[in-house]
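Now for the letters of each chain:
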Amino acid sequence: MVRILIISTLSMPVIVLAIVGAIFLINPPQPAPAPAPVPQLSEKEKRIKIKAHVMQDFRNKRWGELRHTLDSLFTVIDLLNDSLKRKEAIIDTLNQKMVFYQNDYQNLEKQIADLQKKLGQAKEEEKKIKDLAKTLSGLKGKSLAKIVAKMDDRTVIKIYNQMSNTSKRTLMSSLPAERAAVIAQKIIRN
């Protein structure tokens, strides 16, 4: 009797498996139908459709849990949408700043180009002044006085600064005393 009970206990799972296998061979499970495509809807309409679809499919004890989970997911979606909007606003602000700095950069480039042009002109003028100072250094007395008398003080000072000490003395002595004094004061101030 004990042997029959042990054999029947051991063979019971095998018999159950054989029956289940036979059922599946006779009537195999059908794959679930593919969900219908969802048309483009607003967020609110999507939520209503999703809730309605879920309610149709899950009318059982777990509906309360599923509804709670679904509401939680929608809350997370709302939070993520808010975060996305804030980040888009930050990106817009940064883009505006970038445009401002690009304009500022272009203005600075233009200023640099203008300053480089002025620097080139100043170097060219300095070279001409040096050449003129060299030429005038070779002149003496009245010849030098006639030429310098027709120049403005600023030009005379520039020429003076490019001359040797001997030529500077000659230049100042060729000027009338009053003008030489004015030019000397301007040289000292600069």
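First things first, this report covers the structure right here in the doc.

## A short note on the overall build of the chain
- Counting secondary structure elements, the chain contains 7 helices and 0 strands.
- Along the chain, helices and strands appear, N-terminal first, in the series α-α-α-α-α-α-α.
- By the burial criterion, 14% of the 190 residues in the chain qualify as buried.
- Taking as baseline every contact in the chain between residues at least 6 positions apart, the subset at least 24 positions apart corresponds to 55%.
- When the accessible surface of the chain is totalled, it reaches about 16200 Å², and 62% of it is carbon and sulfur.

## Considering the nonpolar core
- Counting 16 residues, the largest nonpolar core has Val 156, Ile 159, Leu 171 and Leu 175 as the members making the most contacts within it.
- For this core, the secondary structure elements donating two or more residues are helix 3 (63–137), helix 4 (141–149), helix 5 (153–162), helix 6 (165–174) and helix 7 (177–189).
- Here this core takes 4 residues from helix 5, the largest share from any one element.
- Each residue touching Leu 175, except ones within four places of it in the same chain, is listed here: Val 148, Val 156, Ala 180 and Ile 183.

## Remarks on the packing of helix 5 against helix 7
- Taken N-terminus to C-terminus, the directions of helix 5 and helix 7 make an angle of 65°; their axes are 10 Å apart at the nearest point. In this view, helix 5 runs roughly perpendicular relative to helix 7, as classed from their interaxial angle. In this structure, helix 5 crosses over helix 7, and the sense of that crossing is right-handed. Between helix 5, through Asp 153, Val 156, Ile 157 and Tyr 160, and helix 7, the contact on the second element is made entirely by Arg 179, Val 182, Ile 183, Lys 186 and Ile 187.
- For the contact of helix 5 with helix 7, a count of residues per class yields 6 nonpolar, no polar and 3 charged.

## Some details on the pattern of salt bridges
- Tallied over the full model, the rule gives 4 salt bridges.
- Among the ionic pairs, Lys 158 bridges to Glu 125, the shortest N-O distance being 2.3 Å. Of the two residues, Lys 158 is situated in helix 5 and Glu 125 in helix 3; the sequence distance between them amounts to 33 residues.
- Classification of Glu 125 as partly exposed rests on a relative accessible area of 37%.
- In this structure, Asp 153 and Arg 179 form a salt bridge, with 3.0 Å as the shortest nitrogen-oxygen distance.

## Section: the packing of aromatic side chains
- Counting across every chain of the model gives 1 aromatic pair.
- Ring plane angle 65° and centroid distance 5.4 Å describe the contact between Phe 100 and Tyr 101, whose orientation is recorded as edge-to-face. Here the two residues Phe 100 and Tyr 101 agree in accessibility, since each one is exposed.
- Above the plane of the ring of Tyr 160 lies Lys 168, whose end atom (NZ or CZ) is 5.1 Å from the centre.

## Concerning the environment of Ala 133
- Along the polypeptide, Ala 133 turns up in helix 3.
- In this structure the C-alpha to C-alpha distance between Ala 133 and Gln 162, which are 29 residues apart in sequence, comes to 6.1 Å.
- Once you skip the residues sitting within four places of it in the chain, Ala 133 turns out to touch Ile 159, Gln 162 and Met 163.

## Describing the packing of helix 4 against helix 6
- At their nearest, the axes of helix 4 and helix 6 sit 8 Å apart, and the two run at 70° to each other. By the angle between their axes, helix 4 is roughly perpendicular relative to helix 6. Counting all contacts with helix 4, which are made through Gly 141, Leu 144, Ala 145 and Val 148, the residues of helix 6 involved are Thr 170, Leu 171 and Ser 174.
- Across the contact of helix 4 with helix 6, the residue classes tally to 4 nonpolar, 3 polar and no charged.

## Focus on the side chain of Ser 167
- Mapped onto the secondary structure, Ser 167 falls in helix 6.
- The exposure class of Ser 167 is buried, given its relative accessible area of 11%.

Cut-offs and rules
- Residues numbered from 1 in each chain as written.
- Predicted model: local features only at pLDDT ≥ 70, side-chain atom pairs only at ≥ 80, totals over all residues.
- Heavy atoms only, no water.
- Helix = DSSP H or I, 4+ residues; strand = E, 2+ residues; numbered from the N terminus.
- Buried < 20%, exposed > 50% of the residue type's maximum accessible area, 1.4 Å probe, protein only.
- Contact = heavy atoms within 4.5 Å.
- Areas by Shrake-Rupley, 256 points an atom, 1.4 Å probe, with all protein chains shown as cover.
- Core = buried A, V, L, I, M, F, W, Y, C linked by side-chain atoms within 4.5 Å.
- Axes fitted to C-alpha atoms, helices over the stretch in contact; angles between N-to-C directions.
- Parallel < 35°, antiparallel > 145°, perpendicular 65-115°, else oblique.
- Left-handed = near helix turned anticlockwise from the far one by under 90°.
- Nonpolar A, V, L, I, M, F, W, Y, C, P; charged D, E, K, R; others polar.
- Salt bridge = Lys/Arg side-chain N within 4 Å of Asp/Glu carboxyl O.
- Phe/Tyr/Trp six-rings, centres within 6.5 Å; stacked < 30°, edge-to-face > 60°.
- Lys NZ or Arg CZ within 6 Å of the ring centre and 35° of its normal.

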